[in-house]
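So the chains spell out like this:
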Amino acid sequence: AKGKGQSQAKVNISAALVEDIINLEETNEDMQAVVEALKEDFTRNISVRTSPGALDHITVVTKDGKFPLNQLGQISQKSPQLIVVNMSSFPESTAAAMKAIRESGMNLNPEVDGTMIRVPVPKVTREYRENLAKLAKQSTNKSKEALRKVRSKSINQVKKSKSKVSEDTIWLLEKQIQQMADEAVAEMDKLLAAKTKELLG
């Protein structure tokens, strides 16, 4: 019965054998980077914005450079409908922080009270959730597009070595690159499914 699963076995070529043709680790890293970027995009840009963490990475442009909001102010959630940013450590950046929150694309209207910025959290409508779910799908499709580019680039690189190595090696390499791409796509689909469930319940 041992031979049965063989055709489904994962292709795994020793990296040392093919390193003058292609660096498979690098290909894999490039693909994983696309997946990570999608994850990051989901976390930062596609969530129902009620957690203080959603404001952490808003970039504030000050005269000394750009800083994430959480380095300039203390962000805390006073109630489900209100996040407060305490700017008393860097009062001179209060206006810049306000501007950054307002222009973050999160649909927020901050109000200043001395060195405190009050950020009312908008009620989340079903429509808003559905729009976010659409955005998540668009982001995923863009990432798949980026992934296809990585795959094509790698396969083209392998094809250039036709004169140097056997057709079998080329075939195995292409198969392995395809497997890496399939795994990355599966991971993206999982992320999208989880995000859609989180948004639409």
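If you look the protein up in an unreviewed UniProt entry, it shows as Ribosome-recycling factor, mitochondrial from Tyrannus savana. Reading the Sequence similarities (unreviewed entry) entry of the UniProt record for the protein gives the comment "Belongs to the RRF family." Quoted verbatim from the Subcellular location (unreviewed entry) field of UniProt, the annotation for the protein is "Mitochondrion".

This part is about the nonpolar core. Of all hydrophobic cores here, the largest spans 27 residues; its most connected members are Ile22, Leu24, Met31, Phe42, Leu147, Leu173 and Ile177. Elements with a minimum of two residues in this core: helix H2 (24-45), helix H6 (126-159) and helix H7 (167-200). By size, the runner-up hydrophobic cluster in this structure holds 18 residues, among which are Val60, Leu72, Val85 and Ala100.

On to the side chain of threonine 62. Structurally, the position occupied by threonine 62 is in strand E1 (residues 59-62). Other than its neighbours up to four places away in sequence, threonine 62 contacts Phe67, Leu72 and Ser93.

With the rule as written, the count across this model stands at seven salt bridges. In this structure, the salt-bridge partner of lysine 39 is glutamate 36, at a minimum N-O distance of 3.2 Å. Of this pair, lysine 39 and glutamate 36 both sit in helix H2, three residues apart, roughly one helical turn. Lysine 39 sits in the partly exposed class, given a relative accessible area of 31%. Note on glutamate 36: relative accessible area 41%, which makes it partly exposed. Between glutamate 198 and lysine 195 there is a salt bridge, and its shortest N-O distance comes to 3.2 Å. Residue glutamate 198 and its partner lysine 195 are located together in helix H7, separated by three residues, close to a single helical turn. Residue glutamate 198 is classed as partly exposed on the basis of its relative accessible area of 45%.

Parameters at a glance
Residues numbered from 1 in each chain as written. Predicted model: local features only at pLDDT ≥ 70, side-chain atom pairs only at ≥ 80, totals over all residues. Heavy atoms only, no water. UniProt positions renumbered as here; feature names shortened; annotations may be inferred. Core = buried A, V, L, I, M, F, W, Y, C linked by side-chain atoms within 4.5 Å. Buried < 20%, exposed > 50% of the residue type's maximum accessible area, 1.4 Å probe, protein only. Helix = DSSP H or I, 4+ residues; strand = E, 2+ residues; numbered from the N terminus. Contact = heavy atoms within 4.5 Å. Salt bridge = Lys/Arg side-chain N within 4 Å of Asp/Glu carboxyl O.

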